[in-house]
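Given next are the chains, with one letter for each unit.
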Amino acid sequence: MVVLLQPVTFNSEVYVNPKCKPSPVTVPVIDLTGPDAKTQIVKACEDLGFFKVVNHRVRPDLLTQLEEEANKFFALPQSLKEKAGPPDPFGYGSKRIGPSGNMGWLEYILLNANHHLSSTKTTAVFQQTHAIFREAVEEYMDEMKRMACKVLEMVEEELSIEPKEKLSKLVKVKESDSCLRMNHYPEKQETPAKEEIGFGEHTDPQLISVLRSNDTEGLQICLKDGSWVAVPPDHSSFFIIVGDTLQVMTNGRFKSVKHRVLTNTKKSRLSMIYFAGPPLTEKIAPMSCLVPKQEDRLYKELTWSQYKSHCYETKLGDYRLGLFEKQLPFSLSNG
């Protein structure tokens with residue numbers, strides 16, 4: 001099954017990459033219980049770096065409950081929300097995205113998904129809410145971890161990756177550096193005359209991201225030819241996004257996809273993104289089982305901590321994978 005993505009049209013005043021132009025495309029819809037799921041997942045990671053999953057076995061009532069409780073948090077007086085900020089990077093933030101000056105029409109909370117590591121700001125978020133919010137968040141994180149590991153296990157099987165659990169173990173271990181982000185794009189009193197940036201274009205640095213949102217549109221992905229397309233929302237399903245780390249580990253076979261959120265509606269948008277990351281000390285490099293020869297590897301080895309720090313130091317839309325790329329030797333001849 002596939003879903004037709006809508007080409008994005010803009011007026012001349014809209015902030016948009018001039019290289020981008022409307023283009024129709026289909027997004028793969030993958031049944032996680034289907035017999036061909038692992039083959040479809042690998043193909044989607046190679047072709048688009050993005051796909052939708054159904055039959056994910058996450059309880060619908062958990063999704064409803066967490067969305068309701070998250071909306072209650074964002075409806076709190078600003079003074080109470082700011083007790084959980086400024087982000088460090090965890091906690092509550094508004095409009096400013098990270099430390100490099102990126103701005104957007106949103107407010108958010110970033111929560112540590114590792115129960116073995118304490119986070120003062122994550123605790124501060126829960127101190128402003130009822131206990132049911134924390135309970136729902138923790139159950140949701142467990143479900144997202146399960147789904148991320150399931151997807152990575154299918155990739156391992158389809159590509160015959162050795163050793164076993166090479167990818168999924170990075171998320172399963174207690175040292176995994178994963179997190180949950182909730183983005184709230186507030187409703188507007190009037191429909192804006194032009195598209196406005198809610199969250200600027202970027203790739204996700206982790207292995208994969210598991211995204212869910214309410215039924216408000218706004219998410220767009222950029223295709224390999226530079227075209228931007230709108231992704232129809234579906235509150236009952238999840239979208240998987242290939243991250244930079246997985247691109248490096250597959251030596252570019254999988255592509256991390258650039259995406260953004262535009263706001264052009266009176267209806268608020270709420271999205272939840274689970275970022276499945278490796279341990280901070282994990283060495284990230286192309287997997288030898290896929291690329292046996294050193295000279296064929298496009299990327300050099302870095303730790304996840306090094307790359308994560310690099311991402312915080314750069315602008316949101318910068319090409320950050322350049323840090324990983326090998327400098328290919330060349331020679332000049334005088335003839």
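Everything here concerns the structure above.
Not measured: the values here are computed from a predicted model. (Residues numbered from 1 in each chain as written. Predicted model: local features only at pLDDT ≥ 70, side-chain atom pairs only at ≥ 80, totals over all residues. Heavy atoms only, no water.)

Engineer: Please clarify how the packing of helix α2 (residues 60-74) against helix α5 (residues 131-159) should be interpreted in this entry.
Structural biologist: Between two packed helices, what matters for the description is the angle formed by their axes and the separation of those axes. Where α2 meets α5, the closest approach of the two axes is 9 Å, and the angle between their N-to-C directions is 130°. Taken as axis vectors, α2 and α5 run oblique relative to one another. Seen along the crossing, α2 lies across α5 with a hand that is left-handed. For the pair formed by α2 and α5, the contact residues are Leu62, Leu63, Gln65, Leu66, Glu69 and Ala70 on the first element and Ile132, Phe133, Ala136, Val137, Glu139, Tyr140 and Glu143 on the second. Its residues placed into classes, the contact of α2 with α5 shows 9 nonpolar, 1 polar and 3 charged. (Axes fitted to C-alpha atoms, helices over the stretch in contact; angles between N-to-C directions. Helix = DSSP H or I, 4+ residues; strand = E, 2+ residues; numbered from the N terminus. Parallel < 35°, antiparallel > 145°, perpendicular 65-115°, else oblique. Left-handed = near helix turned anticlockwise from the far one by under 90°. Contact = heavy atoms within 4.5 Å. Nonpolar A, V, L, I, M, F, W, Y, C, P; charged D, E, K, R; others polar.)

Engineer: Explain the environment of Thr245 to me, please; I cannot follow it from the model alone.
Structural biologist: Position of Thr245 among the secondary structure elements: in helix α7 (residues 244-249). Between the C-alpha atoms of Thr245 and Ala285, which are 40 residues apart in sequence, the distance is 8.4 Å. Filtering out sequence-adjacent residues up to four positions away, Thr245 remains in contact with Pro205, Gln206, Leu207, Ile284 and Trp304.

Engineer: I'm lost on the layout of surface pockets in this one. Help?
Structural biologist: Gaps between atoms show up when a probe of the same size as a water molecule is rolled over them. Counted as a void, the largest pocket has a volume near 900 Å³. Every residue lining the largest pocket is counted, 48 residues in all, and those nearest its centre are Ile97, Gly98, Arg181, Phe199 and Tyr312. Taken together, the elements giving at least two residues each to the lining of the largest pocket come down to β4 (91-97), β5 (102-112), β6 (179-185), β7 (196-202), β12 (259-263), β13 (269-276) and α8 (304-313). With 5 residues, β4 is the single largest residue contributor to the lining of the largest pocket. Residue classes in the lining of the largest pocket are distributed as 23 nonpolar, 15 polar and 10 charged. Estimates place the volume of the second largest pocket at around 440 Å³. Around the second largest pocket, the lining is made up of 23 residues, and of these Thr203, Gln247, Ser256, Val257 and Lys258 lie nearest the centre. Looking at side-chain class alone, the lining of the second largest pocket contains 9 nonpolar, 7 polar and 7 charged residues. (1 Å grid on protein atoms, 1.4 Å probe; cavity = no way out; pocket = protein on both sides within 12 Å on 5 of 7 lines; lining within 4 Å. Points joined across faces, edges and corners; volume = space filled by probe spheres on them.)

Engineer: What exactly am I supposed to notice about the pairing of strand β9 (residues 219-222) here?
Structural biologist: The side chains of a regular strand alternate between both faces of the sheet. Burial of the side chains of β9 extends over both faces: Leu219 and Ile221 are buried on one face and Gln220 and Cys222 on the other. Here β9 pairs with β12 via 3 bridges, running antiparallel. Its bridge partner being in β12, Gln220 is matched across the sheet by Arg260. With 3 bridges joining them, β9 and strand β10 (residues 228-230) adopt antiparallel strand pairing. (Buried < 20%, exposed > 50% of the residue type's maximum accessible area, 1.4 Å probe, protein only. Pairing = 2+ DSSP bridges.)

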